[in-house]
Amino acid sequence: APNSNWWRGGVIYQIYPRSFADSNGDGIGDLPGITARLDHIARLGADGIWLSPFFRSPMKDFGYDVSDYCDVDPMFGTLDDFKVLVRRAHELGLKVMIDQVLSHTADQHPWFVESRASLDNPKADWYVWADAKDDGNPPNNWLSIFGGSAWQWDTRRCQYYLHNFLTSQPDLNFHHPEVQDALLGTVKFWLDLGVDGYRLDTANFYFHDRQLRDNPGRGRPTGEDPAVNAVNPYGWQRHMHDKSQPENLVFLQRLRALLDQYPDTTMVGEIGDDDGLARVAEYTSGGDKLHMAYCFDLLGVAHGAPFIHGVMTRFGEVVGSGWPCWALSNHDVVRVATRWGGDRPPAALLRLAMALVLSLRGSVCLYQGEELGLPEADVAFEDLQDPYGITMWPEFKGRDGCRTPFPWSTTAPDLGFSSVAGGRAPWLPVAASHRALAVDVQQADADSLLNHTRALLAWRRGQPALRDGEMTLLPLHDQVLAWVRRSGHERVLCAFNLSEGEAVLNLPAHEQVAAVLSDSGVRGATVHDRTVHFDPHGVLFARLA
Ligand code: TEU
Ligand code: CA
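Predicted model only: the values in this text are computed from it and were never measured.

Cut-offs applied
Residues numbered from 1 in each chain as written. Chains lettered and ligands numbered in written order. Predicted model: local features only at pLDDT ≥ 70, side-chain atom pairs only at ≥ 80, totals over all residues. Heavy atoms only, no water. Donors = N, O, S within 2.8 Å, 3.2 Å for Na, K, Ca; no water. Pairing = 2+ DSSP bridges. Helix = DSSP H or I, 4+ residues; strand = E, 2+ residues; numbered from the N terminus. Salt bridge = Lys/Arg side-chain N within 4 Å of Asp/Glu carboxyl O. Buried < 20%, exposed > 50% of the residue type's maximum accessible area, 1.4 Å probe, protein only. Expected span 1.5 Å × (residues − 1). Bend = angle between axes of the 7 residues up to and from the residue. Contact = heavy atoms within 4.5 Å. Polar contact = N/O pair within 3.5 Å; in protein donor to acceptor, adjacent residues only side chain to side chain. Axes fitted to C-alpha atoms, helices over the stretch in contact; angles between N-to-C directions.

Asks: Looking at this structure, how should I read the coordination of the calcium ion (ligand 2)?
Replies: Perfect tetrahedral coordination of a metal by four donors corresponds to 109.5 degrees between them, and perfect octahedral coordination by six donors corresponds to 90 or 180 degrees. Every protein donor of the calcium ion (ligand 2) is listed here as Asp22 (OD), Asn24 (OD1), Asp26 (OD), Ile28 (O) and Asp30 (OD), and their distances to the metal cover 2.2 to 2.4 Å. Read from N- to C-terminus, the donor residues coordinating the calcium ion (ligand 2) fall into the pattern D-x1-N-x1-D-x1-I-x1-D.

Asks: I'm lost on the sheet that holds strand S8 (residues 159-162) in this one. Help?
Replies: Sheets are built from strands that pair by backbone hydrogen bonding, the pairs being arranged parallel or antiparallel. Ordered by their spatial adjacency, 3 strands build an open sheet running S6-S8-S7, and the pairing between neighbours is antiparallel. Where the open sheet ends on each side, the last strands, each with one partner, are strand S6 (129-130) and strand S7 (151-154). The pairing of S7 with S8 spans 4 bridges and is classified as antiparallel. Among the inter-strand pairings, glutamine 152 is bridged to a residue of S8, identified as tyrosine 161.

Asks: Even after reading the chapter, I still don't get the pattern of salt bridges, so can you show me in this structure?
Replies: Side-chain pairs of opposite charge can arise whenever the charged atoms involved come near each other. Scanning the entire structure with this criterion turns up 27 salt bridges. A salt bridge links lysine 289 to aspartate 288; its shortest N-O distance comes to 2.8 Å. By relative accessible area, lysine 289 is classed as buried at 10%. Among the salt bridges present, the one from arginine 491 reaches glutamate 511, with a minimum N-O distance of 2.8 Å.

Asks: Is there a simple way to explain helix H1 (residues 31-44) in this structure?
Replies: An α-helical turn contains 3.6 residues, so any two residues separated by three or four positions project in the same direction. With 14 residues, H1 ought to run about 20 Å at 1.5 Å a step, and its terminal C-alpha atoms sit 19 Å apart, in line with that. The principal kink in H1, of about 45 degrees, is found at arginine 37. Listed in full, the buried residues belonging to H1 are Leu31, Gly33, Ile34, Thr35, Leu38, His40, Ile41 and Leu44. Taken together, the buried residues of H1 touch strand S1 (11-15), strand S2 (48-51), strand S4 (68-72), helix H2 (79-91), helix H13 (439-443) and helix H14 (449-461). N-capping of H1 is provided by aspartate 30, with a side-chain oxygen placed 2.8 Å from the backbone N of glycine 33. Once H1 ends, the next one or two residues include glycine 45, with phi positive near 105 degrees.

Asks: For this particular structure, what's the right way to read unusual backbone geometry?
Replies: Keep in mind that most residues, glycine aside, have a negative phi and that most peptide bonds are trans. Although it is not a glycine, leucine 415 sits at a positive phi angle of roughly 55 degrees. Its place among the elements puts leucine 415 in the loop between helix H12 (387-392) and H13. Not every positive phi belongs to a glycine, and histidine 537 is a case in point at roughly 55 degrees. By secondary structure assignment, the location of histidine 537 is in the loop between strand S20 (531-534) and strand S21 (539-544).

Asks: Explanation requested: the sheet that holds S20 in the structure shown.
Replies: An order of S17-S20-S19 is seen for the 3 strands of this open sheet, with the pairing classed as antiparallel. Because the sheet does not close on itself, it has two edges, and the strands there are strand S17 (503-506) and strand S19 (525-528). Taking each pair of neighbouring strands and ignoring which way they run, the sheet shows an average axis angle of 20 degrees. Across 4 bridges, the pairing between S19 and S20 is antiparallel. Bridging across to S20, histidine 528 finds its partner in threonine 531.

This is how it looks when you write it as structure tokens:
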């Protein structure tokens, strides 16, 4: 059957399993909890879900450190629980994408246990090993994103091994063909269980600088990297991986060749890079590598009309035949309600953010709670769990603030996170600010962001211009962003007033509004001839003549 390309222009709902729903009262979200709550996502109108890792893991990076790629960690449930989840999702018309953390394993993965045991075991070169410098220092000045050197000394093997993140996340050596084959085997395992696709963790970090490829395990990178800049991780990370991008593209083609054997499957790559937009375009062009990819441009602290206009202008220049996946929130960054709206994000701004991300050319990932307009939780230092936050405190309070338990209902102290009364406290405290935003509260409020998002997603499903149409930016007009989405003869103007004041947009002389598309649910703008008047944070969707 030809591919339905369901993912192209699709909306993917990201679930962080640890914090979504706890079915057995141990304070940790799990797979049966997700299964029991999938109707919430189907009712929202998403096309699919992306599950952050639930594989066996020491949980040093909460699952992004995998010790068995082909099994479910008991705290999340069993492989059978996963099969039940997939069956239920498919009954509800939801596709299931799972996270694949291929670039590194946990240090407790059997592969690493074997590799570190000696210089000459069968897996000796499955990881990135290098000799110390003559003075005993690390081979070079590469740094870990999580702080400190990217090299960890191993006392048994008496060599350093590379880690882009925690020392407990040793980097696999993708230059080794057996590593690629083993990882493709784990990807196939889940395809055979019926998953519909993958989110690929750090898809641009798989291959380290090829200098180490030529003498894996015993060589040493030559010299220091002048580009290493402790301020911008994506700057020097680029340096560590850039020279091996040609090999990375070949591996992405191998991945795509595997998925193409399973109809209607898809991949979205995560790209952490200071030129992420160009990488997104490169990895998703040609139809022979990734279907989609996302970068951090709209996930960072910068926001506002001029910034977003700049991102869209740059992306229009590089996109070519590529296909982006846009996201304003995920499990790694401060929630968009707080990034864009501060301590008291106005409801109109939350509606604008949702309409904006759903009007861009590309696919969309919505992070659990984004449909509720959840602000970042203020987690006290003593409750912090994320190592990235604890090591970097206080300038960066880590990622716990976007990972607190999902607020289902105001009927219970834990906001309905656990379905077992009297169970253990949730692994992170529930945010007090989330009580008033719980699903049951918003369900009952016709004007809630939840109901607004449901209406918008339902409307968008019938808009080919928004799901797959071309995108033409209009010139930035003060704090008003505007673009036109076109599919065939259908042209939809999408315009956003990102200011807290009123604003006016004068349409180009040759343009005429044929109809305001108020059935989308967006509001806060009126049209008089060729002039659009916006309320604060007003949004206009209109068909152009
Ligand atoms: O993130 C990669 C990455 O670049 C992030 O670590 C990001 O830079 C950081 O969290 C600051 O926003 C992926 C996963 O999404 C993340 O949760 C993992 O910690 C990381 O890889 C290692 O697997
Ligand atoms: Ca549980």
